[in-house]
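Report on the structure
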Amino acid sequence: MQAGDKPTILEVSDLSVSYGKVEALHGIALKIRAGEIVTVIGPNGAGKTTLLSALMGLLPARGDIVYLGQRQGAEREVESLVRQGMTLVPEKRELFGEMSVEDNLLLGAFDRYRAGQRDHAETMAQVFDTFPRLRERRTQLAGTLSGGERQMLAMGRALMARPKLLMLDEPSLGLAPLIIKEIFRIVAELKKTGVSILLVEQNARAALAVADYGYVLETGEVSLEGPSGELANDPRVIESYLGLGGRH
Amino acid sequence: MDLQIALLLGQDGITNGAIYALLSLALVLVFTVTRVIFIPQGEFVAFGALTLASLQAGKLPGTLWLLIALAIAAAAVDIVCALRDGQAQRIPKVLAVNCALPAALAALLSIVPAASLPLALQVVLTLALVVPLGPLLYRLVFQPIAEASVLVLLIVSVSVHVTLSGLALYFFGAEGSRTPAFTDATFEIGDALIQGQTLLVVCASFTLIAALYFFFERTLWGKALRATAMNRTGARLMGISATSAGKLSFSLAALIGAFSGVLISPITTIYYDSGFLIGLKGFVGAIFGGMASYPLAAAGAILVGLLESYSSFWASAYKEVIVFTLIIPVLVWRSLTTRHTEEEE
């Protein structure tokens with residue numbers, strides 16, 4: 001890997017998040033370089049969603065977060081991070097159910113529109129090219145979409161912001177195997193557009209297949225990390241997450 | 001009751017109903033965006049009507065002092081926040097945003113005799129004095145507790161209502177005011193005599209409702225407000241800040257309230273505390289729509305207006321009782337027909 005020559009998008013060190021007195025994450029360090037897909041895998045309850053919420057400013061966190069070369073202060077706000085090109089596709093999708101697919105996408109470009117960029121029609125055409133299914137459903141209400149379509153809409157809406165860093169929280173959760181395959185194909189395709197992706201997944205096999213680098217998160221700490229090819233061959237990962245061992 | 005009286009009462013009912021409909025829309029808007037049950041909505045009606053009346057009487061409305069005081073307080077809070085974030089360079093902008101309009105209005109009112117201005121300009125001046133109170137109240141009172149429970153927000157809302165109606169008594173006195181009619185025209189359609197003022201109120205209300213519909217359906221800011229109402233987290237992730245959405249919804253609510261006050265002040269005598277009852281009737285309408293549906297809220301509010309008008313003919317002593325008793329069957333109907341959905345917050 002040519003580690004040095006790509007600029008760092010996000011670098012986190014010694015990150016801790018607490019819910020009241022319970023510490024959900026401690027001493028997390030991770031790094032994402034431009035154009036990379038980095039994945040965080042781990043079991044349920046390891047703190048994966050907490051990690052993304054903290055990075056997005058939805059939860060207060062302690063530690064150093066450097067995004068686009070700027071150290072983030074304690075009062076990081078979701079809105080200002082969105083303005084700086086960070087987007088999160090949350091696990092629950094958080095769509096606007098009583099609005100059409102088109103309006104959901106349009107609101108994805110809200111911040112850019114407010115900043116005076118009026119190229120949302122063009123961006124929407126690109127999103128429709130990536131997700132042709134959404135073009136067919138453009139006038140349908142988001143609440144009436146199937147699970148796979150909802151995930152596509154959530155990703156499309158995030159892409160409307162033309163993000164520098166796209167964070168995906170369990171995009172395969174609750175979807176049929178064929179749709180999961182489609183979603184991961186699209187994630188791999190997005191990499192070609194130059195966006196950096198932080199992918200949080202329980203589906204470790206699929207995540208490691210598309211990612212460049214991976215972290216294993218267990219009970220709030222990073223227990224393993226490495227290039228995804230190496231992680232996929234690590235006996236501990238195979239035993240716990242890839243299910244090849246099957247000797248329990 | 002003969003047909004002529006029935007038509008007259010119907011006309012009255014629809015006029016009041018149109019005003020209640022406007023207020024019910026404001027209540028639904030504020031509640032869905034900020035979860036505040038906006039009891040002071042009616043105070044904006046009273047402030048609108050009484051500010052216009054005192055401008056016409058050649059007095060300086062106390063609204064100006066309230067506006068200046070709130071603007072200074074908001075500027076002070078914003079400056080403290082800017083200093084805490086280490087962003088002292090924001091201070092001039094904060095001062096300009098908060099204090100420019102009140103200062104301009106104070107200067108204008110001290111130079112120009114408002115009583116001699118044409119009615120349209122007096123109305124504009126009234127709106128300029130009353131509407132900014134909405135976002136200022138949001139900034140000072142509701143923004144710091146935006147994450148509080150609906151009950152806490154309601155209690156604070158009641159206290160704002162009590163404070164504002166106390167201030168209205170202080171500013172405008174205990175006597176009621178009635179402003180001259182915008183138009184003296186009358187029309188005769190068959191047996192019915194239609195007052196130009198009535199027609200004006202109904203037309204203006206429906207124009208404003210149509211404008212609101214256009215705003216919510218066709219503009220990005222309108223869609224952003226609806227998005228915040230539907231899914232607060234989702235909206236924040238799009239960069240729609242809860243604070244801007246809250247300020248915008250309070251501004252619209254204040255505009256609707258003040259505009260309603262200007263519209264009804266030639267029809268009804270408005271006292272410092274009249275706003276509360278008017279607002280509550282809008283609230284009954286909003287309950288029809290489950291505090292969520294705009295068309296149902298408006299329809300319910302018009303029904304409230306008609307019911308009030310006809311009950312004032314048959315049992316005028318009980319007209320308020322009849323109107324507010326309506327809330328019970330409506331609540332029963334709503335709780336029987338609405339599916340209870342578990343909200344994920």
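Rules of the game
Residues numbered from 1 in each chain as written. Chains lettered and ligands numbered in written order. Predicted model: local features only at pLDDT ≥ 70, side-chain atom pairs only at ≥ 80, totals over all residues. Heavy atoms only, no water. UniProt positions renumbered as here; feature names shortened; annotations may be inferred. Helix = DSSP H or I, 4+ residues; strand = E, 2+ residues; numbered from the N terminus. Rg over C-alpha atoms; globule rule 2.2 N^0.38 Å. Buried < 20%, exposed > 50% of the residue type's maximum accessible area, 1.4 Å probe, protein only. Contact = heavy atoms within 4.5 Å. Pairing = 2+ DSSP bridges. Buried area = accessible area lost by both parts, 1.4 Å probe. Salt bridge = Lys/Arg side-chain N within 4 Å of Asp/Glu carboxyl O. Axes fitted to C-alpha atoms, helices over the stretch in contact; angles between N-to-C directions. Parallel < 35°, antiparallel > 145°, perpendicular 65-115°, else oblique. Left-handed = near helix turned anticlockwise from the far one by under 90°. Nonpolar A, V, L, I, M, F, W, Y, C, P; charged D, E, K, R; others polar.

As annotated in an unreviewed UniProt entry, chain B carries the name Branched-chain amino acid transport system permease protein and is attributed to Rhodocyclus tenuis. According to UniProt, the comment filed for chain B under the heading Sequence similarities (unreviewed entry) is "Belongs to the binding-protein-dependent transport system permease family. LivHM subfamily." Database annotation for chain B, UniProt heading Subcellular location (unreviewed entry): "Cell membrane".

As recorded in an unreviewed UniProt entry, chain A goes by Branched-chain amino acid transport system ATP-binding protein and comes from Rhodocyclus tenuis. Per UniProt, chain A has the following entry under Sequence similarities (unreviewed entry): "Belongs to the ABC transporter superfamily."

Regarding its fold elements, chain A presents 11 helices and 10 strands. For chain A, the C-alpha radius of gyration of 18 Å lies close to 18 Å, the compact-globule estimate for 248 residues. Evaluated residue by residue, chain A yields a buried proportion of 51% over its 248 residues. Within chain A, contacts between residues separated by at least 24 positions form 66% of all contacts whose residues are at least 6 apart in sequence.

If a strand is regular, its side chains alternate between the two faces of the sheet. All names here are of chain A. Bridging between strand E9 (residues 213–218) and strand E10 (residues 221–227) involves six bridges; their strand directions are antiparallel. Among the inter-strand pairings, glutamate 218 is bridged to a residue of E10, identified as glutamate 221. Between the antiparallel neighbours E9 and E10 lie two residues, among them threonine 219 with a positive phi of about 35°.

Attention now moves to the interface of chain B and chain A. With 21 residues of chain B at the contact, the number on the chain A side is 24 residues. Buried area between chain B and chain A, summed over both chains or domains, comes out near 2200 Å², and the portion from carbon and sulfur atoms is 69%. Sorting the residues of chain B by area buried against chain A places Leu220, Leu237 and Met238 of chain B first, and these three jointly supply 34% of that buried surface. For the interface between chain B and chain A, the tally reads two salt bridges. Note that glutamate 79 of chain A is salt-bridged to arginine 236 of chain B, the shortest N-O span being 3.4 Å.

Our focus in this paragraph is the packing of helix H1 (residues 3–34) of chain B against helix H12 (residues 274–288) of chain B. Residues and elements named next belong to chain B. Closest axis-to-axis distance for the H1/H12 pair is 7 Å, and the angle between their directions is 70°. By the angle class used here, H1 and H12 are roughly perpendicular. In this structure, H1 meets H12 at a crossing whose hand is right-handed. Touching Ile19, Tyr20, Leu23, Ser24, Leu27 and Val28 of H1 are Ile278, Gly279, Lys281, Gly282, Phe283, Gly285 and Ala286, all from H12. Of the residues assigned to the contact of H1 with H12, the class counts are eight nonpolar, four polar and one charged.

Our focus in this paragraph is the sheet that holds E10 of chain A. Sheet strands line up and pair through hydrogen bonds in the backbone, either parallel or antiparallel. Residues and elements named next belong to chain A. On the basis of which strands lie adjacent, the open sheet formed by six strands has the order E6-E7-E8-E3-E9-E10 and mixed pairing. Strands at the two margins of the open sheet, each flanked by one partner only, are strand E6 (86–89) and E10. Within the sheet, the average angular offset between the axes of one strand and its neighbour, ignoring direction, is 15°. Sheet topology note: the E6/strand E7 (residues 165–169) ladder contains four bridges and is parallel. Across the sheet, residue valine 89 finds its bridge partner in E7, namely leucine 168.

Residue and element names in this part refer to chain A. As judged from the eight bridges shared by strand E1 (residues 8–19) and strand E2 (residues 22–33), these two strands associate in the antiparallel manner. Within E2, the position partnered with valine 12 by the bridge is leucine 30. Bridge count for E1 against strand E4 (residues 62–67) is five bridges, and the pairing is antiparallel. Residue pairing across strands places serine 13 opposite aspartate 64, the latter belonging to E4.

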